[in-house]
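Chains, contacts and geometry: an overview
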Amino acid sequence: MLASTPSNVAAISRSFHVLPTLHTGSSARCISSRANVIFKDAKSAEFLAAVGDKESLSLLSGLPEVVVTGRANVGKSSLLNSVIGRRDLLFTSKKAGRTQTLNFFRVGSPPGRLVVVDSPGYGARGRPEWGDLFNHYLETRKQLCRVFILISAAHGMTATDEAMLSSLNAQMQSHDGICWTLQAIITRADALKTNGRAQINQIEQDIFRVAPTCLPPIVTSCPSKGIPFGIDEVRKSISHACRILP
């Protein structure tokens, strides 16, 4: 396993073509200061609502949105806490399937700049009704700008990942009025061994084989102890998708 420590995080990140956020005291080196300005006031980030049925979706509207999906226990909550800048805004658990609704989080001081949506995980712990709500959201949400699908670096592209990615790719191309884009995020890259670059390359090839229209994946790590990387790239991607950055 590659330990994410100050002495080697830069080397790990360079091998994955990622520039990390290096924390020194209260300051940080950011890949895009403009993107990070949007997320800098972490205390203002706020949970808005948990939506468990199609009818309630219409009650939330206005700000541009991005949604994050992934196999159960792929690290969605840990990633989103790092992106938003809060350790405990989203509940993290080692038990798969804890997220059972579409959870909406506002980013930026009121009235906010954008909304990040956490969706229930798919796979063995997923339920059909969660998938129905998620598909309805994708097909009807006018303010949805980008769908992020998380792939675990440690597990690679699983059969359920491939099925979901293929479905998202097909939805993006077949439904009239859909204007969101698709991007993969590779999580837990710090868990890879010394041949990590080859494993990342394989995952990237699998992503483009299944979904040729998917944007280039972002490689990330959010260790509980250590330095995260790829977070600024995710922030920049969100900001571009929501048209806050040119």
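Look up: the structure comes first, before these words.
Along each chain, numbering runs from 1 in the same order as the chain's sequence is written. Where local features are concerned, this predicted model is filtered to residues with pLDDT of at least 70; where side-chain atom pairs are given and counted, the filter is 80 or more; whole-chain, interface and lining totals use all residues. To obtain the side-chain values, all non-hydrogen atoms of the structure were included, while hydrogens and water were left out.

1. With respect to the pairing of strand 5 (residues 102-107)
On any regular strand, side chains alternate: one points to one face of the sheet, the next to the other face. Burial runs high along strand 5: 6 of the 6 residues are buried. Neither face of strand 5 is exposed, since Leu102, Phe104 and Arg106 on one face and Asn103, Phe105 and Val107 on the opposite face are all buried. Inspection of the sheet shows strand 5 paired to strand 6 (residues 114-118) by 5 bridges, in the antiparallel sense. For Arg106, the partnering residue across the bridge sits in strand 6 and is Val115. Hairpin connection between strand 5 and strand 6: a loop of 6 residues separates the two successive antiparallel strands, and Gly108 in this loop has a positive phi of roughly 100°. Here's how the labels work: a residue is buried when its accessible area is under 20% of the maximum for its type, exposed when over 50%, partly exposed in between, all with a 1.4 Å probe on protein chains only. Per the convention used, a helix needs a DSSP run of H or I reaching at least four residues, while a strand needs a run of E reaching at least two, with both numbered from the N terminus. Note on pairing: DSSP must find at least two bridges between two strands before they are called paired.

2. What about empty space enclosed by the protein?
Of the grid points, spaced at 1 Å and generated over the protein atoms alone, those admitting a 1.4 Å probe that cannot get out make up cavities, while open sets with protein on both sides within 12 Å along at least five of seven lines make up pockets; any residue with an atom within 4 Å of a point is treated as lining. Grid points are joined across faces, edges and corners, and a volume is the space filled by probe spheres set on the points. Following the criterion strictly, the structure yields 1 cavity of 30 Å³ or more and no others. Counted as a void, the largest cavity has a volume near 60 Å³. If you go around the largest cavity, the residues you meet are Leu138, Glu139, Thr140, Arg141, Lys142, Leu144, Asp176, Gly177, Ile178, Cys179 and Trp180. Per-element tally for the lining of the largest cavity: the top contributor is helix 4 (residues 128-140), with 3 residues. Class assignment for the residues of the lining of the largest cavity results in 5 nonpolar, 2 polar and 4 charged. We call Asp, Glu, Lys and Arg charged. Ala, Val, Leu, Ile, Met, Phe, Trp, Tyr, Cys and Pro are nonpolar, and the rest, Gly among them, are polar.

3. Regarding the packing of helix 5 (residues 159-174) against helix 6 (residues 196-210)
Axes are the key here: two packed helices are described by the angle between their axes and the distance separating the axes. The interhelical angle for the contact between helix 5 and helix 6, taken along N-to-C directions, is 45°, at an axis separation of 9 Å. With respect to helix 6, the axis of helix 5 lies oblique. Residues Glu162, Leu165, Ser166 and Asn169 of helix 5 form the contact with helix 6, whose own contacting residues are Ile207, Arg209 and Val210. Taken together, the residues of the contact of helix 5 with helix 6 break down into 3 nonpolar, 2 polar and 2 charged. To define axes, lines are fitted to C-alpha atoms, for helices over the stretch in contact only, and angles between the resulting N-to-C directions are given on a 0 to 180 degree scale. Oblique is the label for any angle not covered by the other classes, which are roughly parallel (under 35 degrees), roughly antiparallel (over 145) and roughly perpendicular (65 to 115). Contacts are assigned to residue pairs with any non-hydrogen atoms lying within 4.5 Å of each other.

4. Considerations on helix 3 (residues 76-84)
Most of helix 3 sits inside the fold, with 7 of its 9 residues counted as buried. When helix 3 is considered as a whole, its buried residues turn out to be Lys76, Ser77, Leu79, Leu80, Asn81, Val83 and Ile84. Gly85 sits one or two residues past helix 3 and shows a positive phi near 95°.

5. Some points on the sheet that holds strand 8 (residues 181-187)
Spatially, the 7 strands line up as an open sheet ordered 3-5-6-4-7-8-9, and their pairing is mixed. The open sheet has two edge strands, strand 3 (46-51) and strand 9 (215-219), and neither has a second partner. Mean inter-strand twist for the sheet, computed between neighbouring axes without regard to direction, equals 25°. In this sheet, strand 5 lies alongside strand 3 in antiparallel orientation, the contact comprising 5 bridges. Among the inter-strand pairings, Glu46 is bridged to a residue of strand 5, identified as Arg106. In the packing of helix 6 onto the sheet, contacts are made with strand 7 (144-152), strand 8 and strand 9, and the angle to strand 9 comes to roughly 150°.

6. Section: the environment of Ser224
By the secondary structure assignment, Ser224 is in the loop between strand 9 and helix 7 (231-241). Note: C-alpha distance between Ser224 and Ser78 (146 residues apart in sequence) is 8.6 Å.

7. Here's the deal with the packing of aromatic side chains
Any pair of Phe, Tyr and Trp rings, taking the six-membered ring for Trp, is counted once the centres come within 6.5 Å. Such a pair is stacked with planes under 30 degrees apart, edge-to-face with planes over 60 apart, and tilted for the rest. For the structure shown, the criterion picks out 2 aromatic pairs. Pairing Phe104 with Tyr137 gives two aromatic rings, centres 6.2 Å apart and planes at 80°, and the pair type is edge-to-face. Here the residue Phe104 occupies a position in strand 5, and Tyr137 occupies one in helix 4, the gap between them amounting to 33 residues. The pair Phe104 / Tyr137 is uniform in exposure class, with both members buried.

8. Thoughts on the pattern of salt bridges
For this analysis, a salt bridge means a side-chain nitrogen from Lys or Arg found within 4 Å of a carboxyl oxygen belonging to Asp or Glu. Applying the stated criterion to the full structure yields 7 salt bridges. One salt bridge in this structure joins Glu162 and Arg209, with 3.4 Å as the shortest N-O distance. With Glu162 in helix 5 and Arg209 in helix 6, this residue pair connects regions lying 47 residues apart in the sequence. Here the salt bridges share partners, and the residues they tie into one network are Glu162, Asp206 and Arg209.

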